[in-house]
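Inside the fold
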Amino acid sequence: MPRIALEPRFQVEYLSILDSDGNLDTALEPKLADMDLRSLYRAMLLGRRLDERMVRLQRQGRIGTFAPTKGQEAAQMGSVFSLRPTDWMVPSFRETAAMIWRGWPIEKLLLFFAGHLEGGQPAPEQRDLPITIPVATQLPHAVGLAYAAQYRGDDVVVMAYFGDGATSEGDFHEALNFAGVWHVPVVFVCQNNQWAISVPLKKQTHSRTIAQKALAYGLPGIQVDGNDVFAVYAAAREAVERARAGDGPTLIECVTYRLGVHTTADDPTKYRSEAEVAMWEQKDPLTRFRAYLEKRNLLEEGLEQRVDDEIAEAIRRFEAMPPANPLTMFDHVYAELPPDLRAQRDEMAARENTAAARPDETSTHQPGATPMRGQRLTRR
Amino acid sequence: MVKALNQALFQEMERDADVLVLGEDVGVDGGVFRVTDDLQRTFGSQRVIDSPLAEAAIIGTAVGMALYGLKPVCEIQFSGFAFQCFHQIENHCARYRMRSQGRFNIPMVIRMPYGGGVRALEHHSESEEQFYAHIPGLKMVIPSGPRNARALLAAAIRDPDPVKSLYHAAKEEVPDESEVIPIGRAQVAREGDALTLVAYGAMLRVALEAADVLRAEDGAAVEVIDLLTVSPLDRETLVTSVKKTGRAVVVHEAPRSFGPGAEIAASIMDGAFLSLEAPIRRVTAHDVPFVGFAREKANVPDVPRVVAAARETLAF
């Protein structure tokens, strides 16, 4: 019997529209209104400035550990920009810029990173899941949301975020497989930032691309220049339209780079060279987009200052928030508090009352983050 | 048992279009134990979903469906396979209400058979409820017979929080009309004043038979408590009983150390210490991994072991 090619259709494309030297493929350039271009740039800039500010807040002990987004603004904004508010967004833990675009107030995110669960509560009508930390475990949730939307007959697309490291997890493969079999409206956005903490992509997978992993599950996969906001947006819009039309899921691999630390508890000088970082700084997503807007005369005067003011105002609101009431830890365990848990709550209430009656002693619920090693604790 | 669970699913799916069934072989095949027999024919393949073979994604996608407002009922074929979805249960299913500060709840049910007596290979007959009992935000029911299994499954499906339901094979006449038992309440299966026997699931029958022996041979009126819900534990019923009897023996099929028996004994100590006439004894499986069904009888509690522990407690 002969050997025959069963699947000659496999093909993985790479998409780049605006490269780091400023070259623009005008045939592929997405048709975005001036207002949209300005909004996109503003959101990317806000993501960058907030990120830098948050690193300082963390070093000062005013928030806890977090995962900075620096360098990944185009991958996040280009993709999330293609969603409607009625669509669902499923983040991982590094999507600060995209989450703000989706309506999370900055002060709420700061509150979250200061150890208050209230910061992770989506607004009543907001169709966003809170941050998920165990790698790739949010991806089956996205598939379930998409199945439920399809079951109800709702016009909804789900977009889920994860990194290159997540593609080694079983949940990633199970989610893609279920999404393919069920043919549900979900878009998987991989921010391939080259490093899963200290493990480089070449030690994470032997595949040439992450995008090609989609093909094994019968879905289209595309690799894009993740630092090119136009390429990301074009691929995301196409995937979202495909999902909305009932044509199933897509995997988008955004090739980008984490310019900063994995989290504020990480020291990347241990595992990667400064030359590598410098090389990627040349491909900074903001620089090329800014140059493009400048050429088209779309840059807003004084934008940096306005963005910084907005951040400063949000930090003021965050720091003016009342300290956490420890008793509320019992409020959201079950719909109804079981008797034993009620007794545990009463015990705590009695302790808190005793502590309040002795004001000279330190209360058990001072606000402020737990200091990291080598970091001083500043009380809010 | 299987028929009773099947009835509960039919009844709840007819009541509420948001109830979906999801798992391996639950559709055309009706489940490996036939719990979902005929459901797909009645409610269609969109509501009774034959999923690919992946426990984590069954629970994970069900979490997503529940976040959207549906009420998925997942079947895991054996509790021994549930460790492949344990992270989805512990990290997400049980935590979403807390993580989202009440914005989301997870009204889903996870069903799986547990326990010995099935003469099958490893991972088909273990008793591993202790892992789930330790998860805040999750509830766990373990019915002792078909009638309360049907009523507890109906309650679990209607519950706004995630409920794990473990069941074993058993036979019992079940009335036609539907019933619902509130989650979180134990039942006094038999009244008595000499000693309290605490059991649940398949061990209830063992406890009742041991009580028969103790009445016939020792003239002791033993009170038997059927927990029904393991978590959250109904401490009040336990304490009330032991205040009356002064003695307690706990029976479970799970290994002893850090098992439900320890929590039950501690709860009785907390609530009824001054009434206790004897130390609380535990009759459980031994702290060994799966022993093979050829040795199962020596490992799982049986009537003679429960009777012996009860006699020691009565004579203390």
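Residues numbered from 1 in each chain as written. Chains lettered and ligands numbered in written order. Predicted model: local features only at pLDDT ≥ 70, side-chain atom pairs only at ≥ 80, totals over all residues.

Topic: the interface of chain A and chain B
Threshold: Each residue gets a C-beta atom placed from its backbone, and two residues are in contact if those atoms lie within 7 Å. Under the scheme used here, helices are H or I runs from DSSP no shorter than 4 residues and strands are E runs no shorter than 2 residues, and both carry numbers assigned from the N terminus. Note on residue categories: nonpolar means Ala, Val, Leu, Ile, Met, Phe, Trp, Tyr, Cys or Pro, charged means Asp, Glu, Lys or Arg, and polar means any other residue, Gly included.
Counting residues at the interface gives 35 residues for chain A and 35 residues for chain B. Broken down by secondary-structure element, the contributors of at least two residues to the side of chain A that touches chain B are α5 (139-152), α6 (170-182) and α12 (339-357) of chain A. If one sorts the elements of the side of chain A that touches chain B by residue count, α5 of chain A sits on top with 10 residues. Tallied by class, the residues present in the side of chain A that touches chain B amount to 22 nonpolar, 8 polar and 5 charged.

Examining the pairing of strand β12 (residues 281-285) of chain B
The condition is simple: Note on burial: count the other C-beta atoms lying within 10 Å of the residue's C-beta; 20 or more is buried, 12 or fewer is exposed, in between is partly exposed, and C-beta positions come from the backbone. When the strands point away from the viewer, a crossover counts as right-handed if the route from the first strand across the helix to the second turns clockwise.
The element β12 of chain B is largely enclosed, with a buried count of 5 among its 5 residues. Each parallel crossover has a hand, and for strand β11 (residues 248-255) of chain B linked through helix α10 (residues 260-272) of chain B to β12 of chain B it is right-handed.

Observations concerning the sheet that holds strand β8 (residues 250-255) of chain A
Residues and elements named next belong to chain A. Counted only if it meets this: When DSSP finds two or more bridges between two strands, those strands count as paired. What counts as an axis is a line fitted to C-alpha atoms, over the stretch in contact for a helix, and the angles between N-to-C directions run from 0 to 180 degrees.
The strand order across the open sheet built from 6 strands is β1-β7-β8-β4-β3-β2, with neighbouring strands paired in parallel fashion. The sheet is open, and its two borders are formed by β1 (13-15) and β2 (88-90), each paired with just one other strand. Between one strand axis and the next, the sheet turns by 20° as a mean value, whatever way the strands run. Both strand β4 (residues 186-192) and β8 contribute to a ladder of 6 bridges, which runs parallel. For Val 189, the partnering residue across the bridge sits in β8 and is Ile 252. Sheet contacts for α5: β2, β3 (158-163) and β4; angle to β3, the most-contacted strand, approximately 170°.

A few points about the domain arrangement of chain A
Stated precisely, the cut-off is as follows: The start and end points of each domain follow an automatic or database-based domain assignment.
Segmenting chain A into domains produces domain 1 (18-319) and domain 2 (326-357). Relative placement of domain 1 of chain A and domain 2 of chain A: their C-alpha centres are 38 Å apart.

Regarding the domain arrangement of chain B
Residues and elements named next belong to chain B. Here the domain parsing of chain B yields domain 1 (2-167) and domain 2 (187-315). Facing 22 residues of domain 1, the contacting portion of domain 2 comprises 20 residues. At the level of secondary structure, the elements contributing two or more residues to the side of domain 1 that touches domain 2 comprise α6 (129-133), β5 (139-141) and α7 (146-158). Class assignment of the residues belonging to the side of domain 1 that touches domain 2 gives a composition of 8 nonpolar, 8 polar and 6 charged.

Concerning the pairing of strand β9 (residues 222-226) of chain B
Residues and elements named next belong to chain B. In terms of residue burial, β9 counts as a mostly covered element, since 5 of its 5 residues are buried. Burial of the side chains of β9 extends over both faces: Val 222, Val 224 and Asp 226 are buried on one face and Glu 223 and Ile 225 on the other. For strand β7 (residues 187-190) and β9, the ladder comprises 3 bridges, and the chain directions are antiparallel. Its bridge partner being in β9, Val 188 is matched across the sheet by Ile 225. As paired strands, strand β8 (residues 195-199) and β9 are joined by 5 bridges and run parallel to one another. Note that in β9 the partner of Leu 197 across the bridge is Val 224. In this fold, β8 hands off to helix α8 (residues 203-218), which returns the chain to β9; that crossover is right-handed.

With respect to the sheet that holds β9 of chain B
Residue and element names in this part refer to chain B. Taken in spatial order, the 5 strands make up an open sheet running β7-β9-β8-β11-β12, and their pairing is mixed. The open sheet has two edge strands, β7 and β12, and neither has a second partner. Strand-to-strand twist across the sheet, computed as the mean angle between neighbouring axes with direction ignored, equals 25°. With 4 bridges connecting them, β11 and β12 associate as parallel partners. Among the inter-strand pairings, Val 250 is bridged to a residue of β12, identified as Arg 282. Contacts between α10 and the sheet are confined to β8, β11 and β12, with β11 contributing the most and set at about 155° to the helix. Running at roughly 165° to β12, helix α12 (residues 303-315) makes contact with β8, β9, β11 and β12 of the sheet.

Here's the deal with the nonpolar core
Which entries qualify depends on this criterion: Buried Ala, Val, Leu, Ile, Met, Phe, Trp, Tyr and Cys residues whose C-beta atoms connect them within 7 Å together make up a nonpolar core.
Ranked by internal contacts, the top residues of the largest apolar core, which has 193 residues, are Ile 252 of chain A together with Leu 197 of chain B. Apart from the residues lying within four places of it in its own chain, the contact partners of Leu 197 of chain B are Ala 207, Ala 210, Ala 211, Val 222, Val 224, Val 249, Val 251 and Ala 310 of chain B.

A few points about the packing of helix α1 (residues 34-59) of chain A against helix α11 (residues 303-319) of chain A
Residues and elements named next belong to chain A. The test is simple: Put simply, angles under 35 degrees are roughly parallel, angles over 145 are roughly antiparallel, angles from 65 to 115 are roughly perpendicular, and the rest are oblique. Handedness of a crossing is defined here by the sense of rotation of the near helix relative to the far one, left-handed for an anticlockwise turn of less than a right angle and right-handed for a clockwise turn.
Running from N to C, α1 and α11 point in directions that differ by 55°, and their axes come no closer than 10 Å. By the angle between their directions, the pair α1 and α11 is classed as oblique. As α1 runs across α11, the sense of the crossing is right-handed. Along its contact with α1, which presents Arg 42, Leu 45, Leu 46, Arg 49, Leu 50 and Arg 53, the element α11 presents Leu 303, Val 307, Asp 308 and Ile 311. Across the contact of α1 with α11, the residue classes tally to 6 nonpolar, no polar and 4 charged.

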